[in-house]
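Observations on the model geometry
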Amino acid sequence: HEVWRQFWILIQRLGKILLADRPTMAIAAIQAVLVGVLLPLVFGADASLETITPVDQHTPPNTKPFSLVFLLGISCLWYGSNNASKEIVKERPIYLRERDVNLSVLSYLLSKMVVQGIIGVLQVLMLFGLVQQLSVIPGDDTRQLMQMIMAVLTGTSIGLLISAATSSRDQASTLIPIALIPQIVLGGLIVKDLPYIPGIIAHSVVSGFWVYQGMEAVLHGD
């Protein structure tokens, strides 16, 4: 009972802090709008599933649907990790003081995950809605949206891990690109058939690989 009592108290405190921090919330919204407008400008309507199969042997297959869902997945990972990367490290002195008066680690982490997860899901909904309105997200809408939500929650957990493992905001900011580069390089789109060792790494610890595998599976109706 004490764990859940602390959890709700922390949720309320975090919610009030974030609602009062309008610049941060505005930046989060701008990130979603920026990507949501940029992707349709780049891909147009050519990312529909109907254009994957070439009309004849002289027509190259259209890879835009795969590129679009890959970028959507990576963007969601980035939203989550970027949002959460400073959440723990910025409060380390407060956290240590509250730990001395019996703050539950589980309550603390759950509150961070839930609040940052909600922000990330709202960004995903904005991104999804804009891309659907201005272009088309290939594959089943509901299942692609669920993949994107899973991606942003995964990114949130990565961001919290980085925040817990660093001792300053600057370190956290530096580690975010380092964490995201493997998600792109080993994500399974740039190089479809990864060599043995990179393939093991991708299957084991690269979330972007599984995000893309899931979204690509939806394209194929799996």
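Structural notes, computed from the coordinates. Please read all numbers here as calculations on a predicted model, not as lab measurements.

The next subject is the overall build of the protein. A tally of helices and strands in the protein yields nine helices and zero strands. Reading the secondary structure of the protein in the N-to-C direction produces α-α-α-α-α-α-α-α-α. In the protein, which comprises 222 residues, the proportion classed as buried is 43%. Within the protein, contacts between residues at least 6 apart in sequence are counted, and of these 77% link residues at least 24 apart. Here the protein has roughly 12000 Å² of accessible surface; of this, 68% comes from carbon and sulfur atoms. Averaging the locations of the 14 positively and 15 negatively charged side chains of the protein gives two centres separated by 14 Å.

Right, let's get into the nonpolar core. Grouped together as the largest cluster of nonpolar side chains are 27 residues, with contacts concentrated most on Leu-72, Cys-76, Val-124, Leu-127 and Met-148. Counting residues per element, the ones that place at least two in this core are helix H2 (22–43), helix H3 (64–84), helix H5 (105–134), helix H6 (141–165) and helix H9 (207–219). For this core, the leading source of residues is H3, giving nine residues.

On to H5. For H5, built from 30 residues, the straight-helix expectation of 44 Å at 1.5 Å per residue is met to within 8% by its first-to-last C-alpha distance of 43 Å. You can read the cap of H5 off the contacts: a side-chain oxygen lies 3.3 Å from the backbone nitrogen of Leu-106, and it is on Ser-104.

The next point concerns the packing of aromatic side chains. Applying the stated criterion to the full structure yields six aromatic pairs. Considering the side-chain rings of Phe-7 and Trp-8, the 5.2 Å spacing of their centres and the 65° angle between planes classify their relative orientation as edge-to-face. When its relative accessible area of 8% is taken as the criterion, Phe-7 is described as buried.

Axis separation between H6 and H9 bottoms out at 9 Å; the angle between their running directions is 175°. Of the possible angle classes, the one that applies to H6 and H9 is roughly antiparallel. Here Arg-143, Gln-144, Gln-147, Met-148, Ala-151, Thr-154 and Ile-158 of H6 come into contact with H9, specifically with Ser-207, Val-211, Gly-214, Met-215, Val-218 and Leu-219. Per-class residue counts for the contact of H6 with H9 are seven nonpolar, five polar and one charged.

Among the surface-exposed residues, Val-33, Val-37, Leu-38, Leu-41, Val-42, Met-126 and Leu-134 lie close enough to one another that they form a single nonpolar patch of about 610 Å² accessible area. Counting residues per element, the ones that place at least two in the nonpolar patch are H2 and H5. A total of five residues in the nonpolar patch trace back to one element, the largest contributor, which is H2. Within the secondary structure layout, Leu-41 lies in helix H2. Judged by its relative accessible area of 66%, Leu-41 falls in the exposed class.

Here is what the cut-offs are and how they apply
- Residues numbered from 1 in each chain as written.
- Predicted model: local features only at pLDDT ≥ 70, side-chain atom pairs only at ≥ 80, totals over all residues.
- Heavy atoms only, no water.
- Helix = DSSP H or I, 4+ residues; strand = E, 2+ residues; numbered from the N terminus.
- Buried < 20%, exposed > 50% of the residue type's maximum accessible area, 1.4 Å probe, protein only.
- Contact = heavy atoms within 4.5 Å.
- Areas by Shrake-Rupley, 256 points an atom, 1.4 Å probe, with all protein chains shown as cover.
- Lys, Arg positive; Asp, Glu negative; His and termini not counted.
- Charge placed at Lys NZ, Arg CZ, Asp CG, Glu CD.
- Core = buried A, V, L, I, M, F, W, Y, C linked by side-chain atoms within 4.5 Å.
- Expected span 1.5 Å × (residues − 1).
- Polar contact = N/O pair within 3.5 Å; in protein donor to acceptor, adjacent residues only side chain to side chain.
- Phe/Tyr/Trp six-rings, centres within 6.5 Å; stacked < 30°, edge-to-face > 60°.
- Axes fitted to C-alpha atoms, helices over the stretch in contact; angles between N-to-C directions.
- Parallel < 35°, antiparallel > 145°, perpendicular 65-115°, else oblique.
- Nonpolar A, V, L, I, M, F, W, Y, C, P; charged D, E, K, R; others polar.
- Patch = residues over 30% accessible without salt bridge, like charges linked within 9 Å, V, L, I, M, F, W, Y side chains within 5 Å.
- Salt bridge = Lys/Arg side-chain N within 4 Å of Asp/Glu carboxyl O.

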